Amino acid sequence: MELNNKVILLTGATGGIGCAVARALVKKGAYLRLVGRNTAALNQLAGQLTGNHQIIVADIGTSEGRHDILSRCVDGGGIDLLINLAGTTTFQCFEHQSEESIEQILSTNLIAPMLLTKQLIPLLNNRPESAVVNIGSTYGSIGHPGYVAYCASKSGLKGFTEALRRELSDTAIQVFYLAPRATETSLNSPAANTLNRALGNRVDSPEQVADTLIKLVMTNRQCQFMGWPEKLFVKINALFPRLVDRALVKKMPLIKKILNNHETTKINT
Ligand SMILES: NC(=O)c1ccc[n+]([C@@H]2O[C@H](COP(=O)([O-])OP(=O)(O)OC[C@H]3O[C@@H](n4cnc5c(N)ncnc54)[C@H](OP(=O)(O)O)[C@@H]3O)[C@@H](O)[C@H]2O)c1
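Residues numbered from 1 in each chain as written. Predicted model: local features only at pLDDT ≥ 70, side-chain atom pairs only at ≥ 80, totals over all residues. Heavy atoms only, no water.

**Side note on the pairing of strand β6 (residues 173-179)**
Piece 1. With respect to burial, β6 is a largely interior element, six of its seven residues being buried.
Piece 2. One ladder, built from six bridges, connects strand β5 (residues 130-135) with β6; its direction is parallel. Opposite Ala131, over in β6, you have Gln174 as the bridge partner.
Piece 3. The parallel pair β5 and β6 is bridged by helix α5 (residues 148-167), and the resulting crossover is right-handed.
Piece 4. Judged from the three bridges that link them, β6 and strand β7 (residues 223-225) form a sheet pairing that is parallel. Bridged to Tyr177 within β7 is Cys223. (Buried < 20%, exposed > 50% of the residue type's maximum accessible area, 1.4 Å probe, protein only. Helix = DSSP H or I, 4+ residues; strand = E, 2+ residues; numbered from the N terminus. Pairing = 2+ DSSP bridges. Right-handed = clockwise from strand over helix to strand, strands pointing away.)

**Topic: the site of the ligand**
Piece 1. By nearness alone, 29 residues border the ligand, and Thr14, Arg37, Asp59, Tyr150 and Thr185 come closest of all.
Piece 2. Between the ligand and Ile60 there is a distance of 3.0 Å, counted from a nitrogen atom to a backbone nitrogen or oxygen.
Piece 3. Taking 890 Å² as the accessible area of the ligand by itself, protein coverage stands at 91%.
Piece 4. Elements supplying a minimum of two residues to the shell around the ligand: α1 (16-27) and α5.
Piece 5. Residue classes in the shell around the ligand are distributed as 11 nonpolar, 14 polar and four charged. (Near = heavy atom within 4 Å. Polar contact = N/O pair within 3.5 Å; in protein donor to acceptor, adjacent residues only side chain to side chain. Areas by Shrake-Rupley, 256 points an atom, 1.4 Å probe, with all protein chains shown as cover. Nonpolar A, V, L, I, M, F, W, Y, C, P; charged D, E, K, R; others polar.)

**Points about the pattern of salt bridges**
Piece 1. Within the structure shown, the criterion is met by seven salt bridges.
Piece 2. The shortest N-O distance in the salt bridge between Arg23 and Glu207 comes to 3.7 Å. Placement of the pair is Arg23 in helix α1 and Glu207 in helix α7 (residues 206-218), with a sequence separation of 184 residues.
Piece 3. For Arg23, a relative accessible area of 37% puts it in the partly exposed group.
Piece 4. Overall, Glu207 belongs to the partly exposed group, its relative accessible area being 40%.
Piece 5. When the shortest N-O distance is used, the salt bridge between Arg166 and Glu162 registers 3.3 Å. Here the residue Arg166 and the residue Glu162 both occupy positions in helix α5, the gap between them amounting to four residues, near one helical turn.
Piece 6. Residue classification places Arg166 among the exposed positions, given a relative accessible area of 58%. (Salt bridge = Lys/Arg side-chain N within 4 Å of Asp/Glu carboxyl O.)

**Topic: the packing of α1 against α7**
Helix packing for two helices is described by the angle between their axes and how far apart those axes are.
Piece 1. Closest axis-to-axis distance for the α1/α7 pair is 8 Å, and the angle between their directions is 50 degrees. Relative to α7, the element α1 is oriented oblique. Here α1 runs over α7; the crossing is right-handed. Contacts from Gly16, Ile17, Ala20, Val21, Arg23, Ala24 and Leu25 of α1 reach α7 at Pro206, Glu207, Val209, Ala210, Leu213 and Ile214. (Axes fitted to C-alpha atoms, helices over the stretch in contact; angles between N-to-C directions. Parallel < 35°, antiparallel > 145°, perpendicular 65-115°, else oblique. Left-handed = near helix turned anticlockwise from the far one by under 90°. Contact = heavy atoms within 4.5 Å.)

**What to know about the sheet that holds β5**
Piece 1. Taken together, seven strands build an open sheet; the order of strands is β3-β2-β1-β4-β5-β6-β7 and the sheet is parallel. Two strands close off the open sheet at either side, each with one partner strand: β3 (54-57) and β7. On average, each strand axis in the sheet is inclined to that of its neighbour by 15 degrees, with strand direction left out of account.
Piece 2. Pairing of strand β2 (residues 31-36) with β3 involves four bridges; the strand directions are parallel. In the sheet register, Gly36 faces β3, and the bridge partner there is Val57.
Piece 3. Contacting β2 and β3, helix α2 (residues 39-48) runs over the sheet at an angle of about 170 degrees to β3.

**Focus on a nonpolar patch on the surface**
Piece 1. Taken together, the side chains of Ile111, Met114 and Leu115 define a hydrophobic patch exposed on the protein surface, amounting to about 220 Å² of accessible area.
Piece 2. Relative to the assigned elements, Met114 resides in helix α4 (residues 99-125).
Piece 3. On the basis of relative accessibility, which here comes to 34%, the residue Met114 falls in the partly exposed class. (Patch = residues over 30% accessible without salt bridge, like charges linked within 9 Å, V, L, I, M, F, W, Y side chains within 5 Å.)

**A short note on the nonpolar core**
Piece 1. Counting residues in hydrophobic clusters, the biggest one holds 36 residues, and the most contacted among them are Leu25, Leu32, Leu34, Leu81, Ile83 and Val133.
Piece 2. Mapped onto this core, the elements with two or more residues apiece are β1 (7-11), α1, β2, α2, β4 (81-84), β5, β6 and α7.
Piece 3. For this core, the element with the most residues is α1, which contributes eight residues.
Piece 4. The residues touching Val133, leaving out its near neighbours within four places in the chain, are Leu81, Leu82, Ile83, Asn84, Phe176, Leu213, Leu216 and Val217.
Piece 5. Counting residues in hydrophobic clusters, the runner-up holds 25 residues, among them Ile56, Leu82, Leu110 and Phe160. (Core = buried A, V, L, I, M, F, W, Y, C linked by side-chain atoms within 4.5 Å.)

Put into structure tokens, the structure is as follows:
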């Protein structure tokens, strides 16, 4: 799918990956509707981009926010692409996670993208070619200790993407899924960064994720997992989950130590 002159709604635009994606899309000649909750950050981003782009201040986790997004898209003449990029996480023991935190993760990463997509399908259907891009995670395919609610949300997003792609296969709307591995943004807490270093996990730059997203859409690849050996682990986990169980069980003392240190630090500050 060509991106030149396409109108693209990008949620999570002000985040680490979002800013890189916005810049990469503008280089391809796209017009953006940038969504986030922080007006100053949205204005700052729009000011750095060449061309005329719209900002939409909205919380995708509320029906009011999603309704505002729909109204602005209708008034602005529609969209060709929806990129569901906004997301949130925490790295902590599920047992100690608050109900609010679990609900917020499920709402932002799964329910809100589903409801936003549902609302925008009629607009996407008005275009000769259009697409939905959902940003998942390696953790949508590999359940990982310390990320229980996040893994549940991204696994749900992956299932949503696959089912929707099949349901819309007789329309002009394509449905893509991109699963980045760890990426250098403020989404990852200091404890999460400590764990990545301790486990030797490689970390991509937001620009690498943005480039991969552009290639995915432009080459009409439906689904892409980023990083090596993460891609291999995703396949091994699907075929032989007990192998991955055993590998992660061995890492549990280290994971627990980092989680406990982090929780103690939080209590003492
Ligand atoms: N960083 C990684 O290691 C990594 C790895 C794999 C996948 N991913 C996925 O990549 C996506 C982007 O992550 P990132 O690293 O760029 O995170 P980030 O820097 O923390 O940015 C998150 C973005 O989501 C927006 N957002 C969060 N809740 C929102 C809400 N209720 N309504 C509207 N906007 C909301 C934030 O905007 P405001 O706060 O300004 O509203 C911000 O723009 C996420 O879906 C994440 O799960 C990230």
